[in-house]
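What follows is the residue order along each chain.
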2 protein chains.
Amino acid sequence: MRGQAIDALETPSVLIDMDIMERNIARMQERCDQLGIDFRPHIKTHKIPDIARRQLEAGAVGIACQKVSEAEVFASAGFRDIQIPYNIVGARKTARLAELAKQAAISVTVDSRAVVDGIAAAAQTAGAHINVLVELVSLGKRTGATPGDALRLAQHISATANLRFAGVMVYPSDAVMRPRLAETLALLEAAGIPARTISGGGSGAIREAHLLPELTEMRVGTYVFWDWGSVDKVYTTFDHCAMRVRATVVSANEASRVILDAGSKSIHSETVEGRYGYIEEFPDARLHQVNEEHGYVDFSACATIPAVGDVLHIIPVHTCVVTNLHNRLYGVRSGLIEQVWDVAARGLVW
Amino acid sequence: MRGQAIDALETPSVLIDMDIMERNIARMQERCDQLGIDFRPHIKTHKIPDIARRQLEAGAVGIACQKVSEAEVFASAGFRDIQIPYNIVGARKTARLAELAKQAAISVTVDSRAVVDGIAAAAQTAGAHINVLVELVSLGKRTGATPGDALRLAQHISATANLRFAGVMVYPSDAVMRPRLAETLALLEAAGIPARTISGGGSGAIREAHLLPELTEMRVGTYVFWDWGSVDKVYTTFDHCAMRVRATVVSANEASRVILDAGSKSIHSETVEGRYGYIEEFPDARLHQVNEEHGYVDFSACATIPAVGDVLHIIPVHTCVVTNLHNRLYGVRSGLIEQVWDVAARGLVW
């Protein structure tokens, strides 16, 4: 398909504008360089080694993956510094993690002693060394430990064979986290186990990273493609959105509504203001409902309405979950297909 | 993995209870046999040839797929009667469809002249014959033609080389559609082009199929696994739900809430009453939020709360979209893994 016009692509398929993606990669690296911190892209948004390679070439120090299975795909592709900012729980998962730690520098995060002990047992059995960051609970209270618990976890990690206490992780690392982070770092310092790495993350938090000078690195994923959800949160603007789902009008029997061949199996079912995607050619059209393979678009606010066979381009609400629905992404430039990427790390069980 | 205990499965992974699935397959076939109509399972729910084979062995006349690419997978797997109840639009798609029609009996549906003409051109070029059903618009007004337009489309199809007018399709074929269907059939009869096949469909509509005696076949997909959405709509009960997403508690630092390792990339983001799945072990627990790889569960209405490492089983809201997120499904019986199925037709572009 490479070199062909994008018209050669069937619908629904996922297009990535290479110029915009390259600009996004360069800009985020520049931002981190200016801040004087390391940048560690999260591959969850693309799950494609070739794109991660471009992120490293731009200056990233390593990558972040969300699962052991994803890290295995990237380790096989030659990546040698992989962070999994997730509690890895379960004897088989920790065993695979420990095997992985023999091939690459692996760091993980923990928020409880139970998680530490599972990882330690696997590392000791395998004779591997694993770097462990303690996750500090953020305002969203998803995962993470309190400052006091973080100290106790750090002490426990430091005292455990085959584990190395590597520092503190926060997600999202909004500026409002500074007092809690400072408290944690002071506790660690006083205990004589200072944090080497202070890893922040989040598409919103990167804008405020200068207000959290303690950070030594940032993890961001979505920035590589951005999406309508990010525009809606004012993290970015439409001109930085690199992903489009290309869709065809397959039915137009109602007065001001058409049906597209892209539904929840192609564009997922997250929404912004009740809309499942932003239609580039018709900003006032409302993609207001999806079934598995159908998207319903209301054109009553538009001057014209497309006909059966017309092709439209949808900026998705959330690119990370869209990538996970597709086997392939297509990199396009100047109207031509430049890259055909297999989404190598998608659909993995664990 | 076959023969191992289900504890050998990592999380999140998707389990199918073989006993329940087999009972679902048998019951639906029985229902159609009693009605004296053909049964044509829609494979969208499983996308797995081995399961479709079981449906045929139980008595189904053929299968329905939603995309040409899916039909190609099933034709390659030996299926010889495939219906695609969808408007196939675009020159490359119709060309593939026509090629497919040389290997298997292929029927498609249409709701406009533009769709008919595209399919006709491809069939004529390829020298293939394609069976075409006219879709009648239903109350949901998704796709479909009015009775008058259905007649004109049927006449046009009948007059077009390489196309065979095969009948009428309705989705969903609720009993309330009877007057419109009867009107359409009378128009066709009067015009001397009677409908051979009258194809109904829908997980809800199958319950009312006896009220629409004009039907010659029914297409149903979800029944093979059912799901919480179907229970919520009173199409079935929990004891017929065959799919579970197996998930592990990875964090439990809040008083009455834990975090599971299953989020929108594993269980999708559709909801029933604001809940993203029904937790079998804790019916009163509320899976009230998902991120990509995290599920938030509130246990404040429960007497006990699970700990890090505990494994739970989630009955998903919508099985069809869950299948599409995974590379593999695991068939289990009596606590053992009996089948490891690749989801052969998932993630396909078109």
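Residues numbered from 1 in each chain as written. Chains lettered and ligands numbered in written order. Predicted model: local features only at pLDDT ≥ 70, side-chain atom pairs only at ≥ 80, totals over all residues. Heavy atoms only, no water.

K.L.:
Explain the overall build of chain A here, please?
P.N.:
Broken down by element type, chain A carries ten helices and 17 strands. Along the three orthogonal principal directions, the C-alpha set of chain A runs to about 70 × 40 × 35 Å. Considering chain A as a whole, with its 350 residues, one finds that 62% of them fall into the buried category. Taking the contacts inside chain A whose residues are at least 6 apart along the sequence as the reference set, 67% of them involve residues at least 24 apart. (Helix = DSSP H or I, 4+ residues; strand = E, 2+ residues; numbered from the N terminus. Buried < 20%, exposed > 50% of the residue type's maximum accessible area, 1.4 Å probe, protein only. Contact = heavy atoms within 4.5 Å.)

K.L.:
Honestly, the relation of the copies chain A and chain B in this entry has me stumped. Any pointers?
P.N.:
With an axial shift of 0.0 Å and an RMSD of 0.0 Å, the rotation relating chain A to chain B amounts to 180 degrees. What the superposition gives is, in effect, a two-fold axis relating one chain to the other. Residue Leu325 of chain A, judged by its C-alpha, is the member of chain A lying nearest the rotation axis, at 3.0 Å. (Least-squares fit on C-alpha atoms with pLDDT ≥ 70 in both.)

K.L.:
Sorry if this is basic, but what is going on with the sheet that holds strand 8 (residues 197-201) of chain A here?
P.N.:
Two modes of strand pairing occur in sheets, parallel and antiparallel, and in both the strands are linked by backbone hydrogen bonds. Residues and elements named next belong to chain A. Taken in spatial order, the eight strands make up an open sheet running 2-9-8-7-6-5-4-3, and their pairing is parallel. Strand pairing shows two members of the sheet lacking a second neighbour, strand 2 (38-41) and strand 3 (63-64), which therefore form its edges. Relative to the sheet, helix 3 (residues 68-76) contacts strand 3 and strand 4 (81-84), its axis offset from that of strand 4 by approximately 170 degrees. Across the face of the sheet, helix 4 (residues 91-100) comes into contact with strand 4, strand 5 (105-110) and strand 6 (130-136) while running at roughly 145 degrees to strand 5. (Pairing = 2+ DSSP bridges. Axes fitted to C-alpha atoms, helices over the stretch in contact; angles between N-to-C directions.)

K.L.:
Sorry if this is basic, but what is going on with the packing of helix 1 (residues 18-35) of chain B against helix 2 (residues 49-57) of chain B here?
P.N.:
Axis angle and axis distance: for two packed helices, these are the angle between their axes and the distance between the axes, and together they describe the pair. Residues and elements named next belong to chain B. Packing of helix 1 against helix 2 brings their axes to within 9 Å, and their N-to-C directions diverge by 40 degrees. Classified by the angle their axes make, helix 1 and helix 2 are oblique. Read as a crossing pair, helix 1 and helix 2 show a hand that is right-handed. Along its contact with helix 1, which presents Met18, Met21, Glu22, Ile25 and Gln29, the element helix 2 presents Ile51, Arg54 and Gln55. Residues belonging to the contact of helix 1 with helix 2 are distributed by class as follows: four nonpolar, two polar and two charged. (Parallel < 35°, antiparallel > 145°, perpendicular 65-115°, else oblique. Left-handed = near helix turned anticlockwise from the far one by under 90°. Nonpolar A, V, L, I, M, F, W, Y, C, P; charged D, E, K, R; others polar.)

K.L.:
Sorry if this is basic, but what is going on with the sheet that holds strand 3 (residues 63-64) of chain B here?
P.N.:
Residue and element names in this part refer to chain B. Judged by pairing direction, the sheet is parallel, and its eight strands sit side by side in the order 2-9-8-7-6-5-4-3 without closing on themselves. Each end of this open sheet is capped by a strand with a single partner; those strands are strand 2 (38-41) and strand 3. Pairing between strand 3 and strand 4 (residues 81-84): two bridges, direction parallel. Bridge pairing in strand 4 links Ala64 to Gln83.

K.L.:
Got a minute to help me understand the side chain of Thr319 of chain B in this structure?
P.N.:
Residue and element names in this part refer to chain B. By the element assignment, Thr319 lies in helix 10 (residues 319-323). Thr319 sits in the buried class, given a relative accessible area of 0%. Within the local environment of Thr319, its side chain forms a polar contact with the backbone oxygen of Trp226, the two atoms lying 3.5 Å apart. Excluding anything up to four places from it in sequence, Thr319 contacts Thr45, Thr222, Phe225, Trp226, Asp227 and Met243. (Polar contact = N/O pair within 3.5 Å; in protein donor to acceptor, adjacent residues only side chain to side chain.)

K.L.:
Please clarify how the pairing of strand 16 (residues 328-333) of chain B should be interpreted in this entry.
P.N.:
Every regular strand shows the same layout, with side chains that alternate between the two sheet faces. Residues and elements named next belong to chain B. Pairing of strand 1 (residues 13-17) with strand 16, which is carried by three bridges, proceeds in the parallel orientation. Following the sheet pairing, Leu15 is matched in strand 16 by Tyr330. In this sheet, strand 17 (residues 336-342) lies alongside strand 16 in antiparallel orientation, the contact comprising six bridges. Its bridge partner being in strand 17, Arg333 is matched across the sheet by Leu336.

K.L.:
Honestly, the interface of chain A and chain B in this entry has me stumped. Any pointers?
P.N.:
How big an interface is tends to be stated in terms of the accessible area lost upon association of its parts. The interface is formed by 62 residues belonging to chain A together with 62 residues belonging to chain B. Taken together, both faces of the contact between chain A and chain B bury some 5000 Å²; the carbon and sulfur share is 46%. One can count ten salt bridges joining chain A with chain B. One salt bridge connects Asp261 of chain B with Lys93 of chain A, and the closest N-O pair in it is separated by 3.0 Å. Between the two partners, chain A and chain B, sit 44 residue pairs in polar contact (both at pLDDT 80 or more). Of all elements in the fold, only helix 4, helix 5 (113-126), strand 10 (243-251), strand 11 (257-260), helix 9 (264-267) and helix 10 (319-323) of chain A reach the threshold of two or more residues within the side of chain A that touches chain B. (Buried area = accessible area lost by both parts, 1.4 Å probe. Salt bridge = Lys/Arg side-chain N within 4 Å of Asp/Glu carboxyl O.)

K.L.:
Even after reading the chapter, I still don't get the pattern of salt bridges, so can you show me in this structure?
P.N.:
Pairs may arise between side chains of opposite charge once their charged atoms sit close together. Residue and element names in this part refer to chain A. Per the counting criterion, the structure on display carries 42 salt bridges over all chains. Taking the shortest distance from any N to any O, the salt bridge between Arg178 and Glu214 comes out at 2.9 Å. Highlighted residues: Arg178 in helix 7 (residues 178-190) and Glu214 in the loop between strand 8 and strand 9 (217-220), separated in sequence by 36 residues. A residue is classified by how much of its surface remains accessible, and Glu214, at 19% relative accessible area, is buried.

K.L.:
Sorry, what's going on with helix 5 of chain A here?
P.N.:
Since the α-helix packs 3.6 residues into each turn, any two residues three or four apart lie on the same face. All names here are of chain A. Relative to the 20 Å expected for 14 residues at 1.5 Å per residue, helix 5 spans 20 Å between its end C-alpha atoms, a close match to the ideal helical length. Of the residues making up helix 5, those classed as buried are Val115, Val116, Ile119, Ala120, Ala122, Ala123 and Ala126. Down the axis of helix 5, the sector holding all buried residues measures 170 degrees, keeping them to one side. The exposed residues of helix 5 that point more than 90 degrees off its buried face are Arg113 and Thr125. (Expected span 1.5 Å × (residues − 1). Arc of directions from axis to C-beta.)

K.L.:
Is there a simple way to explain the environment of Ile206 of chain B in this structure?
P.N.:
All names here are of chain B. Its location among the elements puts Ile206 in the loop between strand 8 (197-201) and strand 9 (217-220). Once the C-alpha coordinates of Ile206 and Val134 are considered, the two residues, 72 residues apart in sequence, prove to be 20 Å apart. Among all residues touching Ile206, those that are not within four sequence positions of it are Met28, Arg31, Cys32, Met218 and Val220.

K.L.:
Would you explain unusual backbone geometry in this entry?
P.N.:
Apart from glycine, the bulk of residues carry a negative phi angle, and the bulk of peptide bonds sit in the trans form. Residue and element names in this part refer to chain A. Between Thr11 and Pro12 the backbone carries a cis peptide bond, its omega angle lying at -5 degrees. The omega angle of the peptide bond from Tyr171 to Pro172 is -15 degrees, so this bond is cis rather than trans. Along the polypeptide, Pro172 turns up in the loop between strand 7 (163-170) and helix 7. Residue Lys47 is not a glycine yet carries a positive backbone phi of 60 degrees. By secondary structure assignment, the location of Lys47 is in the loop between strand 2 and helix 2 (49-57). The exposure class assigned to Lys47 is buried, which follows from its relative accessible area of 2%.

K.L.:
Please explain the side chain of Ser264 of chain B as it appears in this structure.
P.N.:
Residue placement: Ser264 of chain B occurs in helix 9 (residues 264-267). According to the relative accessible area criterion, Ser264 of chain B is buried, its value standing at 2%. Each residue touching Ser264 of chain B, except ones within four places of it in the same chain, is listed here: His268, Glu270 and Val321 of chain A together with Ser269, Val290, Asn291, Glu292 and Leu325 of chain B.

K.L.:
Which parts of the structure should I look at to understand helix 5 (residues 113-126) of chain B?
P.N.:
In this structure, the buried side of helix 5 of chain B is in contact with strand 10 of chain A together with helix 4 (91-100), strand 5 (105-110), strand 6 (130-136), helix 6 (147-158) and strand 7 (163-170) of chain B. Of the residues one or two after helix 5 of chain B, Gly127 of chain B is the one with positive phi, at around 70 degrees.

K.L.:
I would appreciate a short explanation of the packing of aromatic side chains in the present structure.
P.N.:
Aromatic rings in a pair are described by how distant their centres are and how their planes are angled relative to each other. Residues and elements named next belong to chain A. Per the counting criterion, the structure on display carries ten aromatic pairs over all chains. Their ring planes at 65 degrees and their centres at 5.4 Å tell us that Phe74 and Phe79 sit as a pair that is edge-to-face. Taking relative accessible area as the criterion, Phe74 reaches 0% and is therefore assigned buried. Residue Phe79 is classed as buried on the basis of its relative accessible area of 4%. Counting every residue linked through ring pairs, the aromatic cluster contains Trp228, Phe238 and Tyr278. (Phe/Tyr/Trp six-rings, centres within 6.5 Å; stacked < 30°, edge-to-face > 60°.)

K.L.:
Explain the state of the cysteines here, please?
P.N.:
One way to say it: the disulfide is the covalent bond shared by the sulfur atoms of two cysteines. Taken as a whole and assessed by the stated rule, the structure comprises zero disulfides over all chains. Here Cys302 of chain A is not disulfide-linked; the sulfur of Cys241 of chain A is the nearest cysteine sulfur, at 19 Å. We classify Cys302 of chain A as buried; its relative accessible area is 17%. The closest cysteine sulfur to the non-disulfide-bonded Cys65 of chain B is located on Cys320 of chain B, 13 Å from its own sulfur. With relative accessibility at 0%, the residue Cys65 of chain B sits in the buried group. (Disulfide = S-S within 2.5 Å.)

The quantities given are spatial measurements derived from coordinates; they are silent on function.
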